[in-house]
Structures are given as C-alpha cells and as structure tokens.
Amino acid sequence: MNSEKRKAAVAAYKERKVVGGVYAIRSAVSGDIWIGQWPDIETIQTRIWFALRQGTHPRPDLLAAWRQYGEAHFSFEVIEKIETDESPYIRDKNLKERALHWRTKLNAKVM
C-alpha cells in the first residue's frame, strides 16, 4: 500500500462513527454465554479472539472453555448497538445497564 493510500485509510478510520454495544460470546458445546459491553462494538471481537488465542484473556472461565472446546465451537454476536452523542460517562453507564439486562435475560456470565 503506498503512503497516500495508507494515510487516507488511517484518516477514514479516525473519522468513522464509533458505536458502542453489547455482545455475546457463546460456546456451542457447553451452552455457556458471556455478555460484555464495549464503546466500539466493531473492534471488540478481534481483541477478545486475540487474547484467547494467546492464552492471556482475563476471564479464566472463558479461557478454560476456549482451551477445552477449541475456537471452532465459539461464536460472537452483537446483541445490541447503542448509538449516542452523550458524554463517555453516560455512554458507559448505558452500556453497563444494557449488558446487565442481557446477562439477566440470557442467564449469562460476566465478560
């Protein structure tokens, strides 16, 4: 990729609208579900899968299940997107409330 194209790609990435959301990670084998929230829902799966593959994910129960069943038996799903122009504090508060709602509804674990 030449320098101009790279600069344009970086600029486009920085200018994109960031949308927060609530996500679920599901184990097809055990049926376990982990629910989490993140301010940029489009980037979180890559981050989680990287940590799981490296064996450095901070959730010991998820990491143990990943090691036991293997990557092929896990799925990632965006459950709810939350678009807001509110302050980061309000956005984070809303994300936590919605994640709690989904954990309760799906009888899921904390991410």
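Up top is the structure these notes are about.
All figures in this text were calculated on a predicted structure; none of them were measured in a lab.

**Focus: the overall build of the protein chain**
Consideration 1: In terms of regular secondary structure, the protein chain is built from four helices and four strands.
Consideration 2: Reading the secondary structure of the protein chain in the N-to-C direction produces α-β-β-α-α-β-α-β.
Consideration 3: Expressed as lengths along the three principal axes of its C-alpha atoms, the size of the protein chain is roughly 45 × 35 × 20 Å.
Consideration 4: A total of 111 residues make up the protein chain; the buried ones form 32% of that total.

**What to know about the nonpolar core**
Consideration 1: Tyr23, Ile25, Ile48, Trp49 and Phe74 are the most contacted members of the largest nonpolar core, which has 15 residues in total.
Consideration 2: Membership of the second largest hydrophobic core comes to ten residues, among which are Val22, Ile35, Ile82 and Trp102.

**Some points on the side chain of arginine 103**
Consideration 1: By secondary structure assignment, the location of arginine 103 is in helix α4 (residues 88–106).
Consideration 2: Buried charge without a salt bridge: arginine 103, with aspartate 61 as the nearest opposite-charge side chain at an N-O distance of 10 Å.
Consideration 3: Ignoring any residue separated from it by four or fewer positions in sequence, one finds arginine 103 in contact with Ile35, Gly36, Gln37, Ala108, Lys109, Val110 and Met111.

About the criteria used
- Residues numbered from 1 in each chain as written.
- Predicted model: local features only at pLDDT ≥ 70, side-chain atom pairs only at ≥ 80, totals over all residues.
- Heavy atoms only, no water.
- Helix = DSSP H or I, 4+ residues; strand = E, 2+ residues; numbered from the N terminus.
- Buried < 20%, exposed > 50% of the residue type's maximum accessible area, 1.4 Å probe, protein only.
- Core = buried A, V, L, I, M, F, W, Y, C linked by side-chain atoms within 4.5 Å.
- Lys, Arg positive; Asp, Glu negative; His and termini not counted.
- Salt bridge = Lys/Arg side-chain N within 4 Å of Asp/Glu carboxyl O.
- Contact = heavy atoms within 4.5 Å.

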